[in-house]
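Structural features, examined
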Amino acid sequence: MKKLVFATALAIGSLTIGTAATPIIFHDGIMEDVFIQDYTEVATSDLPTPIVNALASDYQGAMLNKAYVDDENNYKLEITSQDGSSVVLYADEEGNWLEM
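Since the model is a prediction, treat every value here as computed from it, not as a measurement. Counting from 1, residues in each chain are numbered in the order their sequence is written. Residue-level local features of this predicted model are given only where pLDDT is at least 70; pairs of side-chain atoms are given and counted only at 80 or more, and the full residue set underlies all totals for whole chains, interfaces and linings. Water and hydrogen atoms play no part in the side-chain values, which are based on all heavy atoms of the structure.

1. Observations concerning the overall build of the protein
Applicable threshold: Helix and strand labels come from DSSP, where a helix needs a run of H or I of at least four residues and a strand needs a run of E of at least two; each type is numbered from the N terminus. Whether a residue is buried, partly exposed or exposed follows from its accessible area with a 1.4 Å probe, protein chains only, as a fraction of its type maximum: under 20%, in between, or over 50%, in that order. Values of accessible area rely on a 1.4 Å probe in the Shrake-Rupley scheme; residue burial ignores everything except the protein chains shown.
Scanning the protein from N- to C-terminus turns up 3 helices and 4 strands. Moving toward the C terminus, one meets the helices and strands of the protein in the order α-α-β-α-β-β-β. Looking at the protein as a whole, 22% of its 100 residues qualify as buried. Per element, the accessible surface of the protein, about 7800 Å² overall, is 58% carbon and sulfur.

This is the structure in structure tokens:
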């Protein structure tokens, strides 16, 4: 009977050792950022006119460095403002600014 109790305890103990070695992975939001960043670079000359007009009126003197578009025709713009700081803006194809 002692051997049966010992064998059971050994079997249960070996199960907990195997699961304890497996690290627990918590969701930290990294994959959400990866999925959000599905943009393809486009030439700045290919931007829709409403976006160019919105940029000129709302960010006067800013220099457009790069432009990207996603599958839903939302645009990501990398600009340098007049004070020299880099800013990333998001807009839809109608020139409306988007919060990201």
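Okay, back to it.
2. Focus: the sheet that holds strand β3 (residues 74–80)
Worth spelling out the cut-off: Here, any two strands with at least 2 DSSP bridges between them count as paired. Between the N-to-C directions of two axes lies an angle of 0 to 180 degrees, each axis being a line fitted to C-alpha atoms and, for a helix, fitted only over the stretch in contact.
Across the sheet, 4 strands lie side by side as β1-β2-β3-β4; this open sheet has antiparallel pairing. Strands with a single pairing partner mark the edges of an open sheet, and in this sheet they are β1 (40–42) and β4 (86–92). Shown here is a sheet whose adjacent strand axes are inclined to one another by a mean of 30 degrees, direction ignored. Examined bridge by bridge, β1 and strand β2 (residues 63–69) share 3 bridges and lie antiparallel to one another. Residue pairing in the sheet places T40 in a bridge with V69 of β2.

3. Digging into the nonpolar core
This is how it is decided: To define a nonpolar core, start from buried Ala, Val, Leu, Ile, Met, Phe, Trp, Tyr and Cys residues and group those joined through side-chain atoms within 4.5 Å. Pairs of residues are marked as contacts when any of their non-hydrogen atoms sit within 4.5 Å.
L47, I51, L55, A67, V69, Y75, L77, I79, L89 and A91 together form the largest nonpolar core, which totals 10 residues. Sorting the residues of this core by element identifies α3 (49–58), β2, β3 and β4 as the ones contributing at least two each. It is β3 that contributes the most residues to this core, 3 residues altogether. With sequence-adjacent residues up to four places away left out, A91 is seen in contact with I51, N74, Y75, N96, W97 and L98.

4. Describing α3
The periodicity of an α-helix, 3.6 residues per turn, causes residues three or four places apart in sequence to face the same way. To keep it simple, the criterion reads: Throughout, the arc means the angular range of directions from the helix axis out to the C-beta atoms.
Taken as a whole, α3 has its buried residues at I51, A54 and L55. Buried residues along α3 cover an arc of 100 degrees about the axis, so they all sit on one side. Of the exposed residues in α3, those oriented more than 90 degrees away from the buried face are T49 and A56. Against the buried residues of α3 lie β2, β3 and β4.

5. Quick word on the side chain of S81
Put simply, the rule reads: Counted as a polar contact is a pair of N or O atoms within 3.5 Å, where, for protein atoms, one must be capable of donating a hydrogen and the other of accepting one, and residues adjacent in sequence contribute only when both atoms are in side chains.
If you trace the backbone, S81 turns up in the loop between β3 and β4. Among the polar contacts made by the side chain of S81, one reaches the side chain of D83 at a distance of 2.4 Å. In terms of polar contacts, S81 uses its side chain to reach the side chain of S85, at 2.8 Å.

6. Some remarks on the packing of aromatic side chains
In plain terms, the rule: Two rings belonging to Phe, Tyr or Trp (six-membered ring only in the last case) form a pair when the distance between their centres is within 6.5 Å. Interplanar angles under 30 degrees mark stacking, angles over 60 mark edge-to-face geometry, and anything in between is tilted.
This model, assessed by the stated rule, comprises 2 aromatic pairs. Plain terms: the ring middles of Y39 and Y90 are 6.1 Å apart, the flat faces sit at 45 degrees to each other, and that makes the pair tilted. Of this pair, Y39 sits in the loop between α2 (30–36) and β1 while Y90 sits in strand β4, and the two are 51 residues apart along the sequence. Y39 gets classed as buried once you look at its relative accessible area, which sits at 15%. Note on Y59 and W97: the rings are 5.4 Å apart at their centroids and 85 degrees apart in plane angle, and the pair reads as edge-to-face. Of this pair, Y59 sits in the loop between α3 and β2 while W97 is found in the segment after β4, placing the two residues 38 residues apart along the sequence.

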